[in-house]
4 protein chains.
Amino acid sequence: MTEENFVAETTFPIRYAETDAMGIVHHASYIVYFEEGRSAYTRERGRSYAAMEEDGYYLAVTGVQARYKQSMRYGQNVTVRCWIDEMKSRTLIFAYELLDAQSGEICVTGTTKHVCLTKEGQIAKFPESWR
Amino acid sequence: MTEENFVAETTFPIRYAETDAMGIVHHASYIVYFEEGRSAYTRERGRSYAAMEEDGYYLAVTGVQARYKQSMRYGQNVTVRCWIDEMKSRTLIFAYELLDAQSGEICVTGTTKHVCLTKEGQIAKFPESWR
Amino acid sequence: MTEENFVAETTFPIRYAETDAMGIVHHASYIVYFEEGRSAYTRERGRSYAAMEEDGYYLAVTGVQARYKQSMRYGQNVTVRCWIDEMKSRTLIFAYELLDAQSGEICVTGTTKHVCLTKEGQIAKFPESWR
Amino acid sequence: MTEENFVAETTFPIRYAETDAMGIVHHASYIVYFEEGRSAYTRERGRSYAAMEEDGYYLAVTGVQARYKQSMRYGQNVTVRCWIDEMKSRTLIFAYELLDAQSGEICVTGTTKHVCLTKEGQIAKFPESWR
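Residues numbered from 1 in each chain as written. Chains lettered and ligands numbered in written order. Predicted model: local features only at pLDDT ≥ 70, side-chain atom pairs only at ≥ 80, totals over all residues.

So, the interface of chain A and chain B
Quite often, the size of an interface is put as the accessible area lost when its parts meet. Selection rule: C-beta atoms are first placed from the backbone for all residues, and any pair lying within 7 Å is then listed as a contact. Strands are runs of DSSP state E lasting at least two residues, helices are runs of H or I lasting at least four, and both sets are numbered from the N terminus onward. Here the term charged refers only to Asp, Glu, Lys and Arg, the term nonpolar to Ala, Val, Leu, Ile, Met, Phe, Trp, Tyr, Cys and Pro, and the term polar to all other amino acids, Gly among them. Note: two strands are recorded as paired if DSSP finds a minimum of 2 bridges between them.
In this complex, chain A contributes 14 residues to the contact, which on the side of chain B involves 14 residues. Elements supplying a minimum of two residues to the side of chain A that touches chain B: α1 (27–44) and β2 (57–68) of chain A. Sort the elements by how many residues they give to the side of chain A that touches chain B and β2(A) lands first, with nine residues. A breakdown of the residues in the side of chain A that touches chain B according to their chemical character gives nine nonpolar, four polar and one charged. Judged from the five bridges that link them, β2(A) and strand β2 (residues 57–68) of chain B form a sheet pairing that is antiparallel. Directly across from A66(A), in β2(B), lies its bridge partner V64(B).

The structure is reproduced here in structure tokens:
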């Protein structure tokens with residue numbers, strides 16, 4: 001598998017605190033699941049995001065979009081798939097699929113757009129080590 | 001002001017719990033602010049969303065998108081502006097602007113897309129009383 | 001009213017995101033309401049907590065306890081009452097009551113215990129300006 | 001190991017969304033970790049909590065207390081240990097320890113108190129199958 005199509009995958013139980021009065025996962029919780037996908041991505045690529053922050057760089061989120069196809073519930077495990085959809089010198093797009101771990105049904109899809117920031121909050125080129 | 005361009009507005013302090021280790025509001029928290037804008041919208045139009053649920057109808061979220069222009073911090077008050085961007089018989093799009101209440105700077109914009117569900121989870125036309 | 005028995009009060013609508021699949025406010029959300037009470041307390045005493053952090057001091061939480069007497073729901077407004085229960089040179093206890101704003105019924109009570117930390121994470125005496 | 005001292009254990013990465021502007025895990029997030037411990041407890045005892053709810057019983061939280069000894073950060077994995085501290089016919093106390101998974105250091109301890117509710121919100125004796 002080449003670097004270009006590397007897909008990180010992580011699975012965890014849905015938390016009760018993430019549900020809402022409709023009995024399903026609240027739509028903002030899926031955005032946090034996306035972030036868990038990004039964390040898994042960086043861990044699996046051999047560098048944690050925490051280590052990146054220690055270098056003085058932050059991955060700021062400039063946009064998010066999600067499509068909810070099927071609601072999820074407490075009692076299910078969610079599998080998050082995350083990959084890089086587009087990488088330019090100053091912007092990065094991650095794409096996501098959230099699946100019911102048992103059935104494999106895709107419940108939510110989405111993307112997040114990022115820029116690289118220095119500690120001082122300036123937009124910078126992604127450091128070589130991130131590529 | 002006609003019904004078509006009614007804009008609900010609500011202002012509240014940013015909560016410490018909504019920030020993250022970057023020192024700014026976590027990007028998923030803004031999605032919750034959007035929802036507060038929808039709640040304000042239905043309250044200001046004379047019907048609470050809670051009352052709608054009692055009628056047996058739910059407003060399910062089928063999509064969300066947000067653009068983060070300026071980060072917000074604990075200590076600021078956020079003003080949420082919310083209006084209906086598009087209403088069809090079975091789908092509804094709300095649009096949002098999140099502003100720093102003091103400076104008036106627009107920090108986040110976005111939309112959410114909805115369908116009307118019955119208690120049984122079936123997609124339905126929006127009841128007359130919601131229009 | 002003397003300083004000793006000053007009670008801060010703030011009221012806001014319960015958010016849909018704070019409910020869970022039982023249809024009620026999730027028990028961890030009340031802990032965030034407590035924090036909103038502390039924020040209101042410092043604002044009403046003429047100094048925001050944000051300003052305190054700018055001085056290089058942090059109010060770390062070392063303990064929390066809550067008693068849930070009556071569940072709350074989306075559609076209600078919650079009133080948070082917060083006061084200082086005990087202040088020593090190095091520890092501080094805040095107490096809380098959460099009420100249904102309409103009926104005045106007390107739904108949740110609790111306390112949080114704090115120490116003052118410097119930026120470097122050392123326990124310090126509370127600065128004069130905090131007293 | 002007898003039933004009386006069964007300890008459930010689950011480990012997962014700390015999420016960025018769970019941190020706050022102090023750079024550490026927000027104190028309300030640990031209450032959600034406790035709940036993950038309870039979920040692990042019921043799963044490991046051969047019955048999911050989701051299945052319990054299908055039987056028409058809910059485990060309502062009537063109290064929580066936590067002591068924060070050491071702050072946790074993004075980049076760490078947290079291990080949640082959960083066991084039953086006391087079981088009576090109508091009340092149940094779970095106890096928790098949250099550890100840094102790598103060092104084994106205990107960072108947070110706490111308990112939650114529960115009653116068994118029927119769907120109608122009445123307090124009931126715990127059903128035989130829960131014991």
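Observations regarding the interface of chain D and chain C
Contacts between chain D and chain C engage 14 residues on the former and 14 residues on the latter. If you list the elements that add at least two residues to the side of chain D that touches chain C, you get α1 (27–44) and β2 (57–68) of chain D.

Some remarks on the nonpolar core
The line we're drawing: Only buried Ala, Val, Leu, Ile, Met, Phe, Trp, Tyr and Cys residues enter a nonpolar core, and they are joined through C-beta atoms within 7 Å. Burial is judged by counting the other C-beta atoms within 10 Å of a residue's own C-beta: 20 or more makes it buried, 12 or fewer makes it exposed, and any count in between marks it as partly exposed, with every C-beta position built from the backbone.
I31(A), L98(A), L98(B), I31(C), L98(C), I31(D) and L98(D) are the most contacted members of the largest nonpolar core, which totals 140 residues. Among the elements that make up this core, the one with the highest residue count is α1(D) (eight residues).

Brief notes about the relation of the copies chain D and chain C
Let me state the cut-off plainly: For the least-squares superposition of copies, only C-alpha atoms count, and only for residues with pLDDT at least 70 in both.
Under the fitted operation, chain D is carried onto chain C by 0.0 Å of movement along the axis and a turn of 180°, and the coordinates agree to an RMSD of 0.0 Å. Overall, the copies show the geometry of a two-fold rotation axis. Proximity to the rotation axis, assessed at the C-alpha, singles out Q65(D) in chain D; its C-alpha lies 2.0 Å from the axis. Take the interface residues of chain D: 100% of them recur as interface residues in chain C, which is what a same-surface contact looks like.

Here's the deal with the relation of the copies chain A and chain B
Note on the identical chains: chain A maps onto chain B by a rotation of 180° and an axial translation of 0.0 Å, with an RMSD of 0.0 Å. The overlap is high: 100% of the interface residues of chain A also sit at the interface in chain B, so the same surface is used on both sides.

Examining the packing of helix α1 (residues 27–44) of chain C against α1(D)
Just so we agree on the cut-off: Throughout, an axis means a line fitted to C-alpha atoms (over the contacting stretch in the case of helices), and angles, computed between N-to-C directions, take values from 0 to 180 degrees. For this classification, under 35 degrees means roughly parallel, over 145 means roughly antiparallel, 65 to 115 means roughly perpendicular, and everything else is oblique.
The interhelical angle for the contact between α1(C) and α1(D), taken along N-to-C directions, is 170°, at an axis separation of 9 Å. Here α1(C) is positioned roughly antiparallel relative to α1(D), judged by the angle of their axes. Residue-level inspection shows H27(C), A28(C), I31(C) and V32(C) of α1(C) in contact with α1(D), the latter providing H27(D), A28(D), I31(D) and V32(D).

Quick look at the pairing of β2(B)
With eleven bridges connecting them, β2(B) and strand β5 (residues 106–118) of chain B associate as antiparallel partners. Looking at the pairing, L59(B) lines up with C116(B) of β5(B).

Some points on α1(D)
All names here are of chain D. Just so we agree on the cut-off: A helix's residues, less one, multiplied by 1.5 Å, set its expected span.
With 18 residues, α1 ought to run about 26 Å at 1.5 Å a step, and its terminal C-alpha atoms sit 26 Å apart, in line with that. When you tally the buried positions in α1, you get 15 out of 18 residues, the bulk of the element. A positive phi of about 95° marks G46, the residue just after α1.

What to know about the environment of E53(C)
Here E53(C) shows up in helix α2 (residues 49–54). It is 9.3 Å that separates the C-alpha atoms of E53(C) and T118(C), two residues lying 65 residues apart in sequence.

Some words on the confidence of the model for chain A
The condition is simple: In predicted models, pLDDT denotes the confidence assigned by the predictor to each residue on a 0 to 100 scale.
Chain-level pLDDT for chain A is 91 on average; 95% of the residues reach the 70-or-more range. What the predictor reports for the complex is a pTM of 0.94 with an ipTM of 0.92.

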